[in-house]
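Structural characterization, general
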Amino acid sequence: MCDSGVLPPKRILRKLQKFGLKPHELAIVVKISEQKLYLVRDGEIVKTYPVSTSKYGVGNQKGSNRTPLGTHRIFKKIGDGAKIGAIFEHNVDTGRVATIHTDETESGEDLITTRIMWLEGLEPGINRGEGIDSRDRHIYIHGTPEEWLIGRPASHGCIRMKNRDVVELFNTVKEGTLVEIME
């Protein structure tokens, strides 16, 4: 099933169950090779979203600007009710709103927009611990003003989504939702 570009649900499901995934609960799987985020339940894909992970590849080191692999959970959701394109700095809505670019216009900044789902690594030595901790690295699922880059590696470590997509996902999942990031 993996060869067709679809998730290997049983393997992922078993891993997430080890981290407390219960029957009928939603989970998120980010597949870097496909630049896709899958919302899954009971091994079935509920929804698929295009994303952008790091333009520097995968990695867990602090300061690497790479996307970490492994099992995470949504530690905190930030931005409920914020405007589409709201710009966040240090997890706070600045009151400014970014222009969303669907053409090849570069914003010149790595802005965090609309919503934040802050990830916490659950695997010591992989995405949790000194110098590799996803939570300390501020690894998020968030919106971006550069929507034209969605679908290809473009971020500085986070998982970028289209702004309307990140609102939909934010409104669907809860804090504590498990997130598996895989190559």
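Our structure's up above, just so we're on the same page.
No experiment lies behind these values; they were computed from the predicted model shown. (Residues numbered from 1 in each chain as written. Predicted model: local features only at pLDDT ≥ 70, side-chain atom pairs only at ≥ 80, totals over all residues. Heavy atoms only, no water.)

What follows deals with the packing of aromatic side chains. Scanning all chains against the criterion turns up 2 aromatic pairs. When the centroid spacing of 5.9 Å and the interplanar angle of 90 degrees are considered together, the rings of Trp118 and Tyr140 count as edge-to-face. Placement of Trp118 in strand β7 (residues 112-121) and of Tyr140 in strand β8 (residues 140-143) is noted, with a sequence separation of 22 residues between them. Considered together, Trp118 and Tyr140 belong to a single accessibility category, that of buried residues. The structure contains a cluster of three or more aromatic residues connected by ring pairs, namely Phe75, Trp118 and Tyr140. When the ring centre of Phe170 is taken as origin, the NZ or CZ atom of Lys77, which lies over that ring, is 4.5 Å away. Positioned above the aromatic ring of Phe75, the side-chain terminus of Arg135 is 3.7 Å from the ring centre. (Phe/Tyr/Trp six-rings, centres within 6.5 Å; stacked < 30°, edge-to-face > 60°. Helix = DSSP H or I, 4+ residues; strand = E, 2+ residues; numbered from the N terminus. Buried < 20%, exposed > 50% of the residue type's maximum accessible area, 1.4 Å probe, protein only. Lys NZ or Arg CZ within 6 Å of the ring centre and 35° of its normal.)

Moving on to the nonpolar core. The biggest cluster of nonpolar side chains holds 21 residues, and the ones touching the most others in it are Ile28, Leu37, Ile141 and Leu169. Only β1 (26-31), β2 (36-41), β7, β9 (159-161), α2 (163-172) and β10 (178-182) provide two or more residues apiece to this core. The contacts of Leu169, once residues within four sequence positions are left out, are Ile28, Leu37, Leu39, Tyr49, Met117, Ile141 and Met161. Residues Leu21, Ala27, Tyr38 and Met182 belong to the second largest nonpolar core, which totals 10 residues. (Core = buried A, V, L, I, M, F, W, Y, C linked by side-chain atoms within 4.5 Å. Contact = heavy atoms within 4.5 Å.)

On to the environment of Asn60. Relative to the helices and strands, Asn60 is located in the loop between β3 (44-50) and β4 (70-78). Sequence spacing of Asn60 and Glu25 is 35 residues, and the spatial spacing of their C-alpha atoms is 27 Å. With residues up to four places along the chain from it excluded, the contact list for Asn60 reads Pro68, Gly125, Ile126, Gly131, Ile132 and Arg137.

So far we have only geometry, and geometry alone does not tell us how the molecule works.
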